[in-house]
Amino acid sequence: MTEHVDLTRIQAANRSIPPSVLTYEAAPRPMSFAGALGSDAAKTALLDGLRAHIDFALQPIVNIHTGTLFAFEALLRGHAKLGFAAIHDLFDALHESGMLYTADTVLRDIALGKFAKLSHEHHYKLFYNLDNRIINAPDYKRGNTLKLIERHNLPINAICFEI
């Protein structure tokens, strides 16, 4: 059974969300890292490129029964500015270069930073897509997510990882 969702009611219930949080700003010029992550200099440049050109759109997630906003999904944007045709191409290159976890930590920091700008009086959650190859990544280090959550003054239960 399909339910009708009253968008007017959703908008009225969630007026405190600034429109800038729901969008992202594209980078002005493309870079090309696809297929060129062999050297330490290239890896450092890619991490810098992630910080400079990647953004997240925060997709609202609403309860279909009440129309109440309860979460946002972090949708990665800007991968084409780094020379990758698709998001999975970026993550494949990061995995192959052995820097998947390090880069994902940078991305997580960007997403949490944007999410932290929201009002959290309603205890929203952030849904963040996690590449399952991180679990066995050679650059994995425990505790970085907690550090990022604390740095952005968010409660530990604010993030939900989607695998």
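Scroll up to find the structure this text is about.
Residues numbered from 1 in each chain as written. Predicted model: local features only at pLDDT ≥ 70, side-chain atom pairs only at ≥ 80, totals over all residues. Heavy atoms only, no water.

(A) Quick peek at the overall build of the protein chain. Looking only at helices and strands, the protein chain has five helices and four strands in total. The N-to-C order of helical and strand elements in the protein chain reads α-α-β-β-α-α-β-α-β. Burial analysis of the protein chain (163 residues in total) assigns 41% to the buried set. Residue pairs at least 24 apart in sequence account for 72% of intrachain contacts in the protein chain once pairs closer than 6 positions are excluded. (Helix = DSSP H or I, 4+ residues; strand = E, 2+ residues; numbered from the N terminus. Buried < 20%, exposed > 50% of the residue type's maximum accessible area, 1.4 Å probe, protein only. Contact = heavy atoms within 4.5 Å.)

(B) A look at the packing of aromatic side chains. Tallying each qualifying case throughout the model produces five aromatic pairs. Their ring planes at 85° and their centres at 6.1 Å tell us that Tyr 128 and Phe 161 sit as a pair that is edge-to-face. Of the two residues, Tyr 128 sits in strand 3 (residues 125-129) while Phe 161 sits in strand 4 (residues 159-162), which places them 33 residues apart along the sequence. Site record: aromatic cluster; members linked through ring pairs are Phe 56, Tyr 128 and Phe 161. (Phe/Tyr/Trp six-rings, centres within 6.5 Å; stacked < 30°, edge-to-face > 60°.)

(C) A look at the sheet that holds strand 1 (residues 55-62). Strand order across the open sheet formed by four strands is 1-2-3-4, with mixed pairing between neighbours. Of all strands in the sheet, those bounded by a partner on one side alone are strand 1 and strand 4. Across this sheet, the average inter-strand angle for adjacent strands is 30°, counted without regard to direction. Here four bridges tie strand 2 (residues 69-77) to strand 3, and the two strands are oriented parallel to one another. Bridge pairing in strand 3 places Phe 72 opposite Leu 126. (Pairing = 2+ DSSP bridges. Axes fitted to C-alpha atoms, helices over the stretch in contact; angles between N-to-C directions.)

(D) Geometry of the environment of Leu 50. Along the chain, Leu 50 falls in helix 2 (residues 40-53). Of the residues examined, Leu 50 reaches a relative accessible area of 0% and is grouped as buried. When the C-alpha atoms of Leu 50 and Lys 81 are compared, they prove to be 9.5 Å apart, with 31 residues separating the residues in sequence. Apart from the residues within four sequence positions on either side, Leu 50 is in contact with Leu 82, Leu 90, Ala 103, Val 106, Leu 107 and Ile 110.

(E) Local environment of the pairing of strand 2. The sheet contact formed by strand 1 and strand 2 spans eight bridges and is antiparallel. Bridge assignment links Phe 56 to a residue of strand 2, and that residue is Leu 76. Linkage of strand 1 to strand 2, two consecutive antiparallel strands, is achieved through a turn of six residues, within which Gly 67 is found at a positive phi near 75°.

(F) Quick look at helix 2. Taking 1.5 Å of rise per residue, the 14 residues of helix 2 would be expected to cover 20 Å, and the 20 Å separating its terminal C-alpha atoms lies within 8% of that figure. Here helix 2 has its buried residues at Ala 42, Leu 46, Leu 47, Gly 49, Leu 50 and His 53. The arc that holds the buried residues of helix 2, viewed along the axis, is 155°, so those residues lie on one side. Those residues of helix 2 that are exposed and aimed more than 90 degrees away from the buried face are Asp 40, Ala 41 and Ala 52. (Expected span 1.5 Å × (residues − 1). Arc of directions from axis to C-beta.)

(G) Focus on the pairing of strand 4. Pairing between strand 3 and strand 4: four bridges, direction parallel. Directly across from Leu 126, in strand 4, lies its bridge partner Ile 159. Handedness of the strand 3-helix 5 (residues 144-151)-strand 4 crossover: right-handed. (Right-handed = clockwise from strand over helix to strand, strands pointing away.)

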